[in-house]
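# Descriptive structure summary
The chain contents come next:
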Amino acid sequence: MTLALRYAARSDVGLVRHDNQDSAYAGPNLLVVADGMGGHAGGDIASSLAISALAPLDTPEHGPDQALHDLEETVERARQDLVHASEIDPDLAGMGTTVTALLRSGNTLAMAHLGDSRAYLLRDGTLTQVTVDHTFVQHLVDTGRISPDEAETHPQRNVVMRVLGDFDVDLTPDMSIREARAGDRWLLCSDGLSGFVPVDQITEVLGECESPDEAADLLITLAMTAGSTDNITVVVADLVDDEVAPPPADTTQVVGAAATDVAAPVTREAGPEPAAAEAAPAAPAPHDEDEEEDESGDDVRPRRRPWVGVLVALLVLAGLGFGGWWAYGWTQDQYYLGVADGQVAVYQGIPQDAGPISLSRAVEVTSTSVDDLPAYWIERLDGSIRAESLDEALERADRLAEEAAPTPVPAPSPSSSPSPSPSDGPSARPDSSPSQEPAQAAGEGDA
């Protein structure tokens, strides 16, 4: 069986940033996400240079034993490109980028990882985080100083300890070989997604969306809805049987900063390390269209088409609006159990807010008091008890009502024991007839 990749790459500047420092590449044999850093002057160039160096690997010519070596060697070449670019332009000093890359070779995948971008694998309905974040907070977790839950809200969770940088330090990436199986779905993403969208929602989207394009679009929308303050970049790829589902024409997708001319173009000849000036041109020289002249000396002024920019802006806004509406509609198909006025309630939506807007509302408040529930059930009324329909949610609420109901005390049964002694008889009931006394006395003895 021959495996092939079906993929989609998306990148968005997010809600806060003014420029996109993320870059991503998706092709028939190569998937890459790079999250640049270094401020306005260098992050976008760093991620673009990483993509530029790695893009020539997108060929089927790597043997199983050669793919890992080729990938590691090319990551080092990208680091050298960053070093040289900062030497040319000192304003770029200190720039760096994460790199998470998968290179397909037959039925195996070679992986390189540096930084806090992540790779997830959805296999048989279970989502696994394949990479380990190279962050200060992850180091605290690994050494047992804080718990994984504490790491989620730690103030230094974005402090990255290992990146591809322009400093002359050998920081070897994590290198590994992964098995490729038909039916696997991979997600590569920057922390603009993983830092804001819960893993259970990512799992649900990857499991329910039919195509990588649909999943990538929805993940970007969910990150925006969650109020992501960072650039958001995702690559979603499916491994499929090439014989069952023949691939479309090979096309590559380049998004984010690498899709612009901010650094070296992403299509350059593979082979020996290029000359320094060719390997890492930094930012393009300022261009003054009023000074551009052709060979005859006549001014060459580009034709301005302002309506093109307006049209593109309107299309982008329309796309975001539709994506936001679609994502909100998806949230309203979800249900969970929560608390309203001290009672167990069924909520429609997801237990999150998008800024001042709540994404859920109570649609059914039951008569079950939360105070009557065992402690372990009360702890789960934070949105952990999910349901796919209102009927299913109401059924789970009924089960909680059974947990809250007091255990009934069994009624006393008539006894056939002999008549009690005079001291045990119901002497306090003057209206009791002699025939009633033995039975009543036996009942009191059982109680």
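In the block above lies the structure referred to throughout.
Described below are features of the structure shown in this document. (Residues numbered from 1 in each chain as written. Predicted model: local features only at pLDDT ≥ 70, side-chain atom pairs only at ≥ 80, totals over all residues. Heavy atoms only, no water.)

### What about the packing of aromatic side chains?
One pass over the full model with this rule turns up one aromatic pair. Each ring, one from Y336 and one from Y347, has its centre 5.2 Å from the other, and the planes form 10°; the classification is stacked. Of this pair, Y336 sits in strand β14 (residues 335–340) while Y347 sits in strand β15 (residues 343–354), placing them 11 residues apart in sequence. Y336 sits in the buried class, given a relative accessible area of 7%. (Phe/Tyr/Trp six-rings, centres within 6.5 Å; stacked < 30°, edge-to-face > 60°. Helix = DSSP H or I, 4+ residues; strand = E, 2+ residues; numbered from the N terminus. Buried < 20%, exposed > 50% of the residue type's maximum accessible area, 1.4 Å probe, protein only.)

### Digging into the packing of helix α6 (residues 199–208) against helix α7 (residues 212–225)
The geometry of α6 relative to α7 is characterised by a closest axis approach of 9 Å and an angle of 155° between their N-to-C directions. Overall, the two elements α6 and α7 adopt an arrangement that is roughly antiparallel. In the packing of α6 onto α7, the handedness of the crossing is right-handed. Side by side, α6 and α7 meet where Q201, I202, V205 and L206 of the first sit next to A215, L218, L219 and L222 of the second. Grouping the amino acids of the contact of α6 with α7 by side-chain chemistry returns seven nonpolar, one polar and no charged. (Axes fitted to C-alpha atoms, helices over the stretch in contact; angles between N-to-C directions. Parallel < 35°, antiparallel > 145°, perpendicular 65-115°, else oblique. Left-handed = near helix turned anticlockwise from the far one by under 90°. Contact = heavy atoms within 4.5 Å. Nonpolar A, V, L, I, M, F, W, Y, C, P; charged D, E, K, R; others polar.)

### Re empty space enclosed by the protein
Under the defined criterion, the tally for this structure stands at one cavity of 30 Å³ or more. In this model, the largest cavity occupies a volume close to 40 Å³. For the lining of the largest cavity, the class distribution of residues is five nonpolar, three polar and no charged. (1 Å grid on protein atoms, 1.4 Å probe; cavity = no way out; pocket = protein on both sides within 12 Å on 5 of 7 lines; lining within 4 Å. Points joined across faces, edges and corners; volume = space filled by probe spheres on them.)

### Details of the nonpolar core
Ranked by size, the top nonpolar core spans 23 residues in total, and within it L187, L193, I202, L206, L219 and V234 carry the most contacts. Only β7 (118–123), β11 (185–189), α6, α7 and β12 (232–241) provide two or more residues apiece to this core. The dominant element in this core, judged by the number of residues it contributes, is α7, at eight residues. For L193, the residues in contact, after removing those within four places along its chain, are L187, I202, L219, A223, I232 and V234. By size, the runner-up hydrophobic cluster in this structure holds 22 residues, among which are I51, A53, V99 and A112. (Core = buried A, V, L, I, M, F, W, Y, C linked by side-chain atoms within 4.5 Å.)

### Structural notes on the pattern of salt bridges
In this structure the tally under the stated criterion is 10 salt bridges. Close ionic contact of D213 with R10 constitutes a salt bridge, the shortest N to O distance being 2.8 Å. Taken together, the residues D213 in helix α7 and R10 in strand β1 (residues 3–12) connect sequence positions 203 residues apart. According to the relative accessible area criterion, D213 is partly exposed, its value standing at 32%. Residues R17 and D230 are paired through a salt bridge, measuring 3.4 Å at the closest nitrogen-oxygen approach. Highlighted residues: R17 in the loop between β1 and β2 (22–26) and D230 in the loop between α7 and β12, separated in sequence by 213 residues. With relative accessibility at 12%, the residue D230 sits in the buried group. One salt-bridge network, held together by shared partners, links R10, D213 and D217. (Salt bridge = Lys/Arg side-chain N within 4 Å of Asp/Glu carboxyl O.)

### Some thoughts on the environment of D242
Its location among the elements puts D242 in the loop between β12 and β13 (253–256). For the pair D242 and A182, spaced 60 residues apart in sequence, the C-alpha to C-alpha distance is 9.3 Å.

### Overview of the packing of helix α1 (residues 43–54) against helix α2 (residues 67–88)
Between α1 and α2, the shortest axis-to-axis distance is 9 Å and the interhelical angle comes to 140°. With respect to each other, α1 and α2 are oriented oblique. As for how α1 packs across α2, the hand of that crossing is right-handed. Residues A46, L49, A50, A53 and L54 of α1 touch α2, and the partners they reach there are L71, T74, V75, A78, D81, L82 and A85. Grouping the amino acids of the contact of α1 with α2 by side-chain chemistry returns 10 nonpolar, one polar and one charged.

### Things to note about α7
Taking 1.5 Å of rise per residue, 14 residues should cover 20 Å, and α7 covers 20 Å from first to last C-alpha, within 8% of that figure. Across the 14 residues that make up α7, a large majority, 10, are buried. Looking only at α7, the buried set comprises P212, A215, A216, L218, L219, I220, T221, L222, A223 and M224. (Expected span 1.5 Å × (residues − 1).)

### Quick word on the sheet that holds β1
Ordered by their spatial adjacency, five strands build an open sheet running β1-β12-β11-β7-β8, and the pairing between neighbours is antiparallel. Each edge of the open sheet is held by one strand with a lone partner, namely β1 and β8 (126–129). Here the strands of the sheet are splayed against their neighbours by 20° on average, with no regard to which way each runs. (Pairing = 2+ DSSP bridges.)

### Quick notes on the side chain of S190
As for its position among the elements, S190 is in the loop between β11 and α5 (191–194). Among the polar contacts made by the side chain of S190, one reaches the main-chain carbonyl oxygen of N231 at a distance of 3.5 Å. Non-local contacts of S190, meaning those with residues more than four positions away in its chain, are made with D22, V33, D35, S117, N231, I232 and T233. (Polar contact = N/O pair within 3.5 Å; in protein donor to acceptor, adjacent residues only side chain to side chain.)

### Points about the environment of G38
Tracing the chain through its elements places G38 in the loop between β3 (30–37) and α1. Separated by 55 residues in the primary sequence, G38 and A93 place their C-alpha atoms 8.1 Å from one another. Among all residues touching G38, those that are not within four sequence positions of it are Q21, G43, G94 and M95.

### Regarding unusual backbone geometry
Of note, the phi angle at D124 is positive, near 55°, even though the residue is not glycine. Turning to its location among the elements, D124 is positioned in the loop between β7 and β8. Even without being a glycine, D341 presents a positive backbone phi close to 55°. For D341, the position within the fold is in the loop between β14 and β15. For D341, a relative accessible area of 79% corresponds to the exposed category.

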